[in-house]
Amino acid sequence: MSGDTCVIEMRRAGLTYPGPPPVAALKPCDLVVRKGEFVTIVGPSGSGKSTFLNIAGLLDSPTEGHYLLDGIDTGTLSDPDRSALRGRRIGFVFQAFHLMPHRTAVDNVALSMVYAGAGRKDRVRAAGEALERVGLSHRMNAVPTTLSGGERQRVAIARALAARPSLLLCDEPTGNLDSATAATIMGLLEALHSDGMTVLVITHDPAVAERGMRTLSIRDGMLSEGGV
Ligand code: ADP
Ligand code: MG
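Small disclaimer: the values here were computed from a predicted structure and weren't measured. (Residues numbered from 1 in each chain as written. Chains lettered and ligands numbered in written order. Predicted model: local features only at pLDDT ≥ 70, side-chain atom pairs only at ≥ 80, totals over all residues. Heavy atoms only, no water.)

Every residue near ligand 1 is listed here: Tyr17, Val23, Ala25, Pro44, Ser45, Gly46, Ser47, Gly48, Lys49, Ser50 and Thr51. For ligand 1, an oxygen atom lies 2.9 Å from a polar atom in the side chain of Lys49. Taking Thr51, its side chain carries an N or O atom lying 2.6 Å from an oxygen atom of ligand 1. Look at ligand 1: alone it shows 560 Å² of surface, and the protein chains cover 57% of it. Secondary-structure elements contributing two or more residues to the shell around ligand 1 are strand E2 (23-34) and helix H1 (49-56). (Near = heavy atom within 4 Å. Polar contact = N/O pair within 3.5 Å; in protein donor to acceptor, adjacent residues only side chain to side chain. Areas by Shrake-Rupley, 256 points an atom, 1.4 Å probe, with all protein chains shown as cover. Helix = DSSP H or I, 4+ residues; strand = E, 2+ residues; numbered from the N terminus.)

To continue, consider the packing of aromatic side chains. Under the criterion given, the structure shown has one aromatic pair. Ring geometry for Phe92 and Phe94: centres 5.7 Å apart, planes at 5 degrees, overall stacked. (Phe/Tyr/Trp six-rings, centres within 6.5 Å; stacked < 30°, edge-to-face > 60°.)

Bringing the sheet that holds strand E5 (residues 72-73) into the picture now. With antiparallel pairing, four strands are arranged side by side in an open sheet as E2-E1-E4-E5. With partners counted over all chains shown, the strands left at the sheet margins are E2 and E5, one partner each. In this structure, strand E1 (residues 6-17) lies alongside strand E4 (residues 64-69), joined through five bridges in antiparallel fashion. Residue pairing in the sheet places Arg11 in a bridge with His66 of E4. Sheet contacts for H1: E1, E2 and E4; angle to E1, the most-contacted strand, approximately 125 degrees. (Pairing = 2+ DSSP bridges. Contact = heavy atoms within 4.5 Å. Axes fitted to C-alpha atoms, helices over the stretch in contact; angles between N-to-C directions.)

Let us now look at the side chain of Arg82. As for its position among the elements, Arg82 is in helix H2 (residues 79-89). It is Asp79 that comes nearest to the buried, bridge-free Arg82 among opposite-charge side chains, at 4.5 Å. Within the structure, the side chain of Arg82 is placed 3.2 Å from the backbone oxygen of Leu58, a separation counted as a polar contact. In this view, Arg82 contacts Leu58, Leu59, Asp60, Ser61, Thr74 and Leu77; residues no more than four positions away in its chain are not counted. (Buried < 20%, exposed > 50% of the residue type's maximum accessible area, 1.4 Å probe, protein only. Lys, Arg positive; Asp, Glu negative; His and termini not counted. Salt bridge = Lys/Arg side-chain N within 4 Å of Asp/Glu carboxyl O.)

Attention now goes to helix H4 (residues 120-133). Given 3.6 residues to a turn, an α-helix orients residues that are three or four positions apart in the same direction. For H4, with 14 residues, the first-to-last C-alpha span of 20 Å sits near the 20 Å given by 1.5 Å per residue. Three or more residues of H4 are buried, namely Arg123, Ala126, Ala127, Gly128, Ala130 and Leu131. Elements in contact with the buried residues of H4: helix H3 (105-111) and helix H5 (149-162). Immediately beyond the C-terminal end of H4, within one or two residues, lies Gly135, with a positive phi of roughly 80 degrees. (Expected span 1.5 Å × (residues − 1).)

Attention now goes to unusual backbone geometry. Note: most residues except glycine have negative phi, and most peptide bonds are trans. Look at the link from Gly19 to Pro20: it is a cis peptide, with omega at 10 degrees. By secondary structure assignment, the location of Pro20 is in the loop between E1 and E2. Cis geometry marks the peptide bond from Pro20 to Pro21, where omega comes out at -10 degrees. With respect to the helices, strands and loops of the structure, Pro21 is situated in the loop between E1 and E2. Even without a glycine there, the phi angle at Asp70 is positive, about 50 degrees. Position of Asp70 relative to the elements: it lies in the loop between E4 and E5. Exposure remark for Asp70: the relative accessible area of 23% places this residue in the partly exposed category. Of note, the phi angle at Asp220 is positive, near 50 degrees, even though the residue is not glycine. Taking the relative accessible area as the measure of exposure, Asp220 reaches 59% and is therefore exposed.

Looking at chain direction, E1 and E2 are connected through eight bridges and run antiparallel. When the bridges of E2 are listed, Leu15 appears paired with Leu26. A loop of five residues connects E1 with E2, the two strands running antiparallel in sequence, and Gly19 in this loop sits at a positive phi of about 75 degrees.

Empty pockets left among the atoms are what a rolling probe the size of a water molecule brings to light. Approximately 560 Å³ is the volume found for the largest pocket. Along the walls of the largest pocket sit 21 residues, with Gly87, Ile90, Phe92, Ser112 and Arg159 positioned nearest its centre. Among the elements that make up the lining of the largest pocket, the one with the highest residue count is H2 (five residues). Among the residues forming the lining of the largest pocket, the class breakdown is twelve nonpolar, six polar and three charged. If you add up the space inside the second largest pocket, you get close to 350 Å³. What lines the second largest pocket is a set of 16 residues, and nearest its centre among them are Ala130, Arg133, Leu161, Ala162 and Arg164. Elements with a contribution of two residues or more to the lining of the second largest pocket: H4 and H5. When residues of the lining of the second largest pocket are assigned to their parent elements, the largest contribution, six residues, is made by H4. Broken down by class, the residue content of the lining of the second largest pocket amounts to ten nonpolar, no polar and six charged. (1 Å grid on protein atoms, 1.4 Å probe; cavity = no way out; pocket = protein on both sides within 12 Å on 5 of 7 lines; lining within 4 Å. Points joined across faces, edges and corners; volume = space filled by probe spheres on them. Nonpolar A, V, L, I, M, F, W, Y, C, P; charged D, E, K, R; others polar.)

Purely spatial values, then, with no claim about function.
Right, dumping it as structure tokens:
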């Protein structure tokens, strides 16, 4: 069922951490996410959400089955090729923002593109565009300590978008935010989805999960279609 519209395709993909004792964190699962979908995955703490996201984001490899990203069977790639694919195709957003505290917003975004090989001028221009897209053009030169939590997460989203990935993977993106700010961040992700971005959000919060066009749940490492 692979084809150029499949961004994520898992075929009986699962991961058991070796331990001891071994932990079957993701039981073999089948999943197709098509270009332009906005998918949320909800599950309690320890259910395997980050394990799933780490596989989808090429930070970890399934110990069984296959994972195809944009139709590419990632199991056949060398480590450098996996890293290059990850850098080009995937933007990550995490709960804890992970911004460099002494760098401005625009530097945080521009520095993320150093490894993509672009020159400084192009990086700063792309960073400015990404910050504009998340509604932060007026705070480009602010350092993270002077930004609110919601603004910090916007910078992190701009950083994830700057290299124009095909997939935005968000692990508990609202986990450090109050519920009103969380709602505005979900609104931003919805707007990016409307622009054509493929977005996958992982959360333990059912209110966040229901903002997705499609919701999956995960429980004890078992992924299934539908919310909680
Ligand atoms: P979630 O993100 O839903 O909280 P995780 O994917 O982080 O869950 O973890 C799923 C299960 O795998 C948990 O039981 C966790 O303790 C276990 N686990 C996570 N990472 C490792 C690891 N590196 N080694 C062994 N077990 C792990
Ligand atoms: Mg987690």
